[in-house]
Every structure is written in C-alpha cells, then in structure tokens.
Amino acid sequence: MTPEEAKRLEEGLRITAARLRGNAAEEERLLGEAVERDEMPRLVEGFIYVGLTATEMIAQARAIPLQEALRGLSPRPEVVLIPDVTVGSWDDIIDLASAVRRSHDEARQMSHTMDVPGAINVSFQLAISALTAMSRVPQFRHMSPAQITEMFIEGVEAGHA
C-alpha cells in the first residue's frame, strides 16, 4: 500500500470508527474536512480500502478466496453517510472493490462512471458490512466492529498499512 493509499485507508477508518462509536459530531467533522478539501471521491477509495482490509481478514480466517468473501457480504441499506442522496449500486461497489484489488487503473476508470455521493454511501455500507462480518468470524468474535476498526487504525498509525 502506498503512503497515499494508507492515508485514504486511515481517513475511511476514522469516519467509520466515529459512526460505529455513535460519535455523530466526530463523523460530521471528519466528513466536513473532506468536503472542505474537495476530496469527496477520495472517501470512496478510503471506504473501499476499509472494506477490503476487513474482507481480506475474513477470507484468510475462513480459508476462502477474497472474491468469495466479498460476494458473501450483504448490503446495509440502513447505513447512510450522506442523507438525502442516492445510494449507489451494491453490485457496482463490489465490482469496484474487486477492480481495486486487480488494477488501480481499471478501478479509476470504473469509478469515473459512478455518482460520487451515491458511491460514498454504498462504499461506506461496504466498510460497515465487512467490519460487521469480520466481527462474526470465530477469530474475531470477541471484538465489536468498532474495536476492529480501532485495531486497524492502530496498525495504520504504527506503519503497518
């Protein structure tokens, strides 16, 4: 993972952690900072990295291919980061996450066809879904999705991204 990708992962993790801890003020502050920096499309990347990180752990723990683990995740329609805007296609975000794993160029081409607010919402759903699924894997059942997110943040801060 490049330093820029690690930065996106950390930003996605921090917003996700705020949601999972029920800290709406922190979530709003972090989202507002991304808007001020005009980096909304980067949030999609960050949430995809969160989702992929958790899904890779699921795949590894269950000894299944990453694609199978990704396809095993479920949409979370109740999870919306930006209210009153569309939520992108679940199949499209799974395809985009798969493309990120294969080729960043392919992923960039795919992402240009997506509505940014909708892609943010559905990629946030992917992150929450993957973290929730990870908390159900026997090796991680002792951890909540919020605790898993904190573990990932600690890893990124320690340079393990």
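Each remark here, short or long, concerns the structure printed above.
This structure is a prediction, so every number in the text was calculated from the model and none was measured.

Peer 1: If you had to explain the overall build of the protein to someone new, which residues and values would you point to?
Peer 2: Looking only at helices and strands, the protein features eight helices and zero strands. Beginning at the N terminus, the succession of helices and strands in the protein can be written as α-α-α-α-α-α-α-α. By the burial criterion, 47% of the 161 residues in the protein qualify as buried. By sequence separation, contacts in the protein at least 24 residues apart represent 73% of the contacts at least 6 residues apart. Accessible area of the protein: about 8,100 Å², with a carbon and sulfur share of 51%. Measuring between centres, the 16 positive side-chain charges of the protein sit 5 Å from its 25 negative side-chain charges.

Peer 1: If you had to explain the nonpolar core to someone new, which residues and values would you point to?
Peer 2: Ranked by size, the top nonpolar core spans 50 residues in total, and within it Ile-48, Ile-93 and Leu-126 carry the most contacts. For this core, the secondary-structure elements that each account for two or more residues are helix 1 (3-20), helix 2 (24-36), helix 3 (40-62), helix 4 (66-71), helix 5 (90-102), helix 7 (116-134) and helix 8 (145-157). Setting aside residues no more than four positions away along its own chain, Ile-93 makes contact with Val-44, Ile-48, Met-114, Ala-119, Val-122, Ser-123 and Leu-126.

Peer 1: So what's going on with the pattern of salt bridges? Residues and values would help.
Peer 2: Considering all chains together, one arrives at 14 salt bridges under this definition. Close ionic contact of Glu-4 with Arg-8 constitutes a salt bridge, the shortest N to O distance being 2.6 Å. Of this pair, Glu-4 and Arg-8 both sit in helix 1, separated by four residues, roughly a single helical turn. Exposure remark for Glu-4: the relative accessible area of 36% places this residue in the partly exposed category.

Peer 1: Can you tell me about the packing of helix 3 against helix 7, naming the residues and giving the values?
Peer 2: Where helix 3 contacts helix 7, the axes come no closer than 8 Å and their chain directions differ by 25°. When the axes of helix 3 and helix 7 are compared, the pair comes out roughly parallel. At the point where helix 3 passes helix 7, the crossing takes the left-handed sense. Class assignment of the residues belonging to the contact of helix 3 with helix 7 gives a composition of 20 nonpolar, three polar and one charged.

Peer 1: Before we move on, can you summarise the packing of aromatic side chains with the specific residues and values?
Peer 2: Under the criterion given, the structure shown has one aromatic pair. With a centroid separation of 5.0 Å and an interplanar angle of 65°, the aromatic rings of Phe-47 and Phe-124 are classed as edge-to-face. Highlighted residues: Phe-47 in helix 3 and Phe-124 in helix 7, separated in sequence by 77 residues. Phe-124 sits in the buried class, given a relative accessible area of 0%.

Peer 1: Requested: an account of unusual backbone geometry, with residues and values cited.
Peer 2: The backbone of Ala-63 sits at a positive phi, close to 55°, despite the residue not being glycine. Relative to the elements of secondary structure, Ala-63 occurs in the loop between helix 3 and helix 4. Unlike most non-glycine residues, Asp-84 shows phi in positive territory, near 65°. With respect to the helices, strands and loops of the structure, Asp-84 is situated in the loop between helix 4 and helix 5.

Peer 1: Quick rundown of the side chain of Gln-125? Include the residues and the values.
Peer 2: For Gln-125, the location among the structural elements is in helix 7. Given the relative accessible area of 3%, Gln-125 is considered buried. In terms of polar contacts, Gln-125 uses its side chain to reach the backbone carbonyl oxygen of Arg-76, at 3.1 Å.

What counts and what doesn't
Residues numbered from 1 in each chain as written. Predicted model: local features only at pLDDT ≥ 70, side-chain atom pairs only at ≥ 80, totals over all residues. Heavy atoms only, no water. Helix = DSSP H or I, 4+ residues; strand = E, 2+ residues; numbered from the N terminus. Buried < 20%, exposed > 50% of the residue type's maximum accessible area, 1.4 Å probe, protein only. Contact = heavy atoms within 4.5 Å. Areas by Shrake-Rupley, 256 points an atom, 1.4 Å probe, with all protein chains shown as cover. Lys, Arg positive; Asp, Glu negative; His and termini not counted. Charge placed at Lys NZ, Arg CZ, Asp CG, Glu CD. Core = buried A, V, L, I, M, F, W, Y, C linked by side-chain atoms within 4.5 Å. Salt bridge = Lys/Arg side-chain N within 4 Å of Asp/Glu carboxyl O. Axes fitted to C-alpha atoms, helices over the stretch in contact; angles between N-to-C directions. Parallel < 35°, antiparallel > 145°, perpendicular 65-115°, else oblique. Left-handed = near helix turned anticlockwise from the far one by under 90°. Nonpolar A, V, L, I, M, F, W, Y, C, P; charged D, E, K, R; others polar. Phe/Tyr/Trp six-rings, centres within 6.5 Å; stacked < 30°, edge-to-face > 60°. Polar contact = N/O pair within 3.5 Å; in protein donor to acceptor, adjacent residues only side chain to side chain.

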